[in-house]
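Descriptive structure summary
This is what each chain is made of:
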Amino acid sequence: MEQYDVVYIGGGPAGYVGAIRSAQLGMKTACVEKRKALGGTCLNIGCIPSKALLDSSEHFAFVKHKAAKHGLVVGDLKIDLGQMMKRKDQVVTGLTTGIAGLFKKNKIAHLVGHGRITAPGTVEVVAENGAKETISAKNIVIATGSDVARIPVAALDGVRVISSTEALALPQVPKSMVVIGGGAIGLEMGSVWMRLGADVTVVEYNERIASFADHQISGELLKILQRQGMKFKLATKVVNVQNVGSKAAVEMEPAAGGTRETIEADVVLVAVGRKPFTDNLGLDKIGLATDKAGRIEIDNHFRTKVAGVYAIGDVVRGPMLAHKAEDEGIAVAEIMAGKAGHVNYDAIPSVIYTWPELATVGMSEQDCKAKEIAVRTGTFPFIANGRAKAMDESEGMIKIIADAKTDRLLGLHMVGPRASDMIAEAVMVMEFGGSAEDIALSTHAHPTLPEAMKEAALAVHKRAIHF
Ligand code: NAI
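Residues numbered from 1 in each chain as written. Predicted model: local features only at pLDDT ≥ 70, side-chain atom pairs only at ≥ 80, totals over all residues. Heavy atoms only, no water.

**Remarks on the overall build of the protein**
As a reminder of what qualifies: Numbering of helices and strands runs from the N terminus, with a helix taken as a DSSP run of H or I at least four residues long and a strand as a DSSP run of E at least two residues long. As a reference, a globule follows 2.2 Å times the number of residues to the power 0.38, and the radius of gyration itself is taken over C-alpha atoms. To sort residues, take the accessible area from a 1.4 Å probe on protein chains only and compare it with the maximum for the residue type: under 20% means buried, over 50% means exposed, and anything in between is partly exposed.
For the protein, the helix and strand inventory stands at 13 helices and 22 strands. Its C-alpha atoms give the protein a radius of gyration of 23 Å, near enough to 23 Å, the size a compact globule of 467 residues would have. Summarising its shape, the C-alpha atoms of the protein cover approximately 65 × 60 × 50 Å along the three principal directions. A buried classification covers 52% of the 467 residues belonging to the protein.

Rendered as structure tokens:
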């Protein structure tokens, strides 16, 4: 039986990053992954292919709606969906083979198959053809990720009622689409297909979309998406979805109860969250149970109740985000090597890659209110930012939430062009325990979008210059 220092079960952002860090630290490392391609949901059917389609469809939307204003005259604009999908697939393959290369470089064994823990320290790997191999490892790290959450009223059939996986590979642009769930997936995939021509209606159970964001910011994103043509049914619950031949009929009612209505659509995308994936993992064999949400319980050092078995990423508590999973991969590897691995859960950014983008880190004003923390806030709109004007991308705003007494940065929430890139500055300030004033006193290059960050920080003390 092959012996390893550590085996990661799952080759997504948690498992593959952890495996690389473990190998760097001198451990003999294996990673069991059932897909031939490494990278998990993120690279294969999540973050990366969706961003490829978001960029392609945004280019299309730019040419269609914005190019003329820049003095660019484009003739006969058409969509070659096959080419768009081909490029997306090439982006994915390039990155997944890149990870395979990193595994080779770091001498990590990639065992292709379904991993199942048969006893502490023992993992059975079952290949697609049924061939079995058993390996032993001093430590096992469960990094099996998550799967799409389903709702009984909208059974997935993969054609008319689909999950994000199929939404990344539709054979043609649907005329109409109902999206159930106004979170990250719903808004991103809804944007892709709306830009390409679909009539998109988002049905969201909550009163607001992107409910983790500060209400002022999610409200701003809602208005912007509405202006782009996306329709919303908020505080609405879907009670039935039925395949009626060439369409699906989506029956819904106000969340608080009331009159029902039905919308027909070519495609219904169910995007109501994800759930931890632990099927056939052998947890029962080692006496590990999952909580109500299906998560594996861990302590601050990613240790489960069973010695030598750790868990990281989407299968444990915290946001289901690739960058959180990656950082946990690094931290667990360091902890196993006797170092001080650490993840700061108070400073994990969240992004929704609509255009403009929504990005947040830390608490919203409402979170602070709920915790009875007195805050000062400062906002700055991109309409008053020179670079945004030059780009003709001046929708959105930045909101800074600072502690009223100490001025410490507690949160920064924004919607705007390239918000995904800009949020990094706020993350760094939070990591260093910095204040709104620290942002305000730092020189930001002119003319750039991050100048709006500095202005929002000045606005915390009512001294923004340009607004
Ligand atoms: P989500 O949790 O972000 O949003 C799901 C939404 O569906 C919520 O607003 C919820 O209120 C709503 N909902 C739930 N049940 C409903 C029902 N029966 N009817 C109507 N609305 C309902 O989940 P999503 O968008 O599916 O994404 C899954 C996971 O993947 C999340 O953890 C998300 O953060 C992550 N992800 C992250 C991305 C990013 O970082 N850009 C992109 C895509 C996904």
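Structure's up, so let's keep going.
**With respect to the sheet that holds strand E15 (residues 267-270)**
Convention followed: Any two strands with at least two DSSP-identified bridges between them are counted as paired.
One open sheet accounts for five strands, arranged E8-E15-E9-E10-E11; its pairing is parallel. Bordering the open sheet on either side are strand E8 (161-162) and strand E11 (231-233), each of which pairs with just one other strand. Direction of pairing for strand E10 (residues 199-203) relative to E11: parallel, over a ladder of three bridges. From the neighbouring strand, Val202 faces E11, where its bridge partner is Phe232.

**A few points about the nonpolar core**
To keep things clear, this is the line we draw: The nonpolar core is taken to be a set of buried Ala, Val, Leu, Ile, Met, Phe, Trp, Tyr and Cys residues, with the residues joined through side-chain atoms within 4.5 Å. Working rule for contacts: check all heavy atoms of both residues, and any pair within 4.5 Å makes them a contact.
Ranked by size, the top nonpolar core spans 54 residues in total, and within it Tyr8, Phe103, Ile142 and Phe302 carry the most contacts. In contact with Ile142, not counting residues within four places along its chain, are Ile9, Ile117, Leu281, Leu283, Leu288, Ile296, Val309, Tyr310, Ala311, Ile312 and Val315.

**Focus on the side chain of Asp214**
Note the cut-off: Polar contacts here mean pairs of N or O atoms no more than 3.5 Å apart (in protein, one a potential hydrogen donor and the other a potential acceptor; neighbouring residues in sequence count only if both atoms are side-chain atoms).
As for its placement among the helices and strands, Asp214 is situated in the loop between E10 and helix H7 (215-228). In this structure the side chain of Asp214 is engaged in a polar contact, spanning 2.7 Å, whose partner is the backbone nitrogen of Glu365. Polar side-chain contacts of Asp214 include one of 3.0 Å to the side chain of Lys399. Excluding its chain neighbours within four sequence positions, the residues that come into contact with Asp214 are Ser364, Glu365, Gln366, Lys399, Ile401 and His413.

**Points about the pairing of strand E6 (residues 132-142)**
Bridge analysis of strand E1 (residues 2-9) against E6 gives seven bridges, and the strand direction is parallel. Its bridge partner lying in E6, Gln3 is registered against Ser136. Strand direction decides the pairing type here: E6 and strand E17 (residues 309-311), joined by three bridges, are parallel. The partner of Val141 across the bridge, within E17, is Tyr310.

**Looking at the site of the ligand**
Note the cut-off: In these notes, residues near a molecule or strand are those with any non-hydrogen atom within 4 Å of it. Where accessible areas are quoted, they stem from the Shrake-Rupley method and a 1.4 Å probe; at the residue level, only the protein chains shown are allowed to cover.
As a structural note, the neighbourhood of the ligand is formed by 21 residues, with Ile185, Glu188, Glu204, Gly273 and Val351 the closest of them. Ala184 places a main-chain nitrogen or oxygen 3.2 Å from an oxygen atom of the ligand. Coverage of the ligand by the protein amounts to 76% of the 830 Å² it exposes when considered alone. With four residues, helix H6 (residues 184-195) is the single largest residue contributor to the shell around the ligand.

**With respect to the sheet that holds strand E22 (residues 409-416)**
For the record, the criterion: To obtain an axis, a line is fitted to C-alpha atoms, over the contacting stretch when the element is a helix, and the angle between two such axes runs from 0 to 180 degrees between their N-to-C directions.
Pairing in this open sheet of five strands is antiparallel, and the strands run E18-E19-E22-E21-E20 from one edge to the other. The outermost strands of the open sheet, each flanked by one partner alone, are strand E18 (350-352) and strand E20 (375-381). Each strand of the sheet is rotated relative to its neighbour by a mean of 10°, with strand direction disregarded. Pairing analysis gives three bridges linking E18 to strand E19 (residues 357-362), with the strands arranged antiparallel. When the bridges of E19 are listed, Ile352 appears paired with Leu358. Across the sheet, helix H13 (residues 451-460) touches E20, strand E21 (397-403) and E22, and the angle it forms with E20 is around 140°.

**Re a nonpolar patch on the surface**
Note the following rule: Residues enter patches when they are more than 30% accessible in relative terms and free of salt bridges; like-charged ones are connected within 9 Å and nonpolar ones (Val, Leu, Ile, Met, Phe, Trp, Tyr) within 5 Å. The rule for a salt bridge is simple: a side-chain nitrogen of Lys or Arg has to be within 4 Å of a carboxyl oxygen of Asp or Glu.
A contiguous nonpolar patch, built from Leu72, Val74 and Leu77 and spanning about 240 Å² of accessible area, is present on the exposed surface. Along the chain, Leu72 turns up in the loop between helix H3 (47-66) and helix H4 (81-105).

**Brief notes about the state of the cysteines**
Operational definition: Defined by distance alone, a disulfide is two cysteine sulfur atoms within 2.5 Å.
Under the counting rule described, the total for this entry stands at zero disulfides. Free cysteine Cys31: the closest other cysteine sulfur is in Cys42, separated by 14 Å.

**Description of the domain arrangement of the protein**
Test applied: Each domain span listed reflects an automatic or database assignment of domains. Throughout, buried area stands for the accessible area (probe radius 1.4 Å) lost by two parts on being put together, summed over both. Residues are sorted three ways: Asp, Glu, Lys and Arg are charged, Ala, Val, Leu, Ile, Met, Phe, Trp, Tyr, Cys and Pro are nonpolar, and all the rest, Gly among them, are polar.
If you check the domain split of the protein, you get domain 1 (2-148 + 275-345), domain 2 (161-272) and domain 3 (356-460). If you average the C-alpha positions of domain 2 and of domain 3, the two centres end up 29 Å apart. Each partner contributes residues to the interface: domain 2 has 13 residues there, and domain 3 has 15 residues. Surface buried jointly by domain 2 and domain 3 totals about 1200 Å² across both partners, of which 64% is contributed by carbon and sulfur atoms. Along the contact surface separating domain 2 from domain 3 lie two salt bridges. Here domain 2 is connected to domain 3 by six residue pairs in polar contact (both at pLDDT 80 or more). Looking at the side of domain 2 that touches domain 3 residue by residue, the class counts come to six nonpolar, four polar and three charged.

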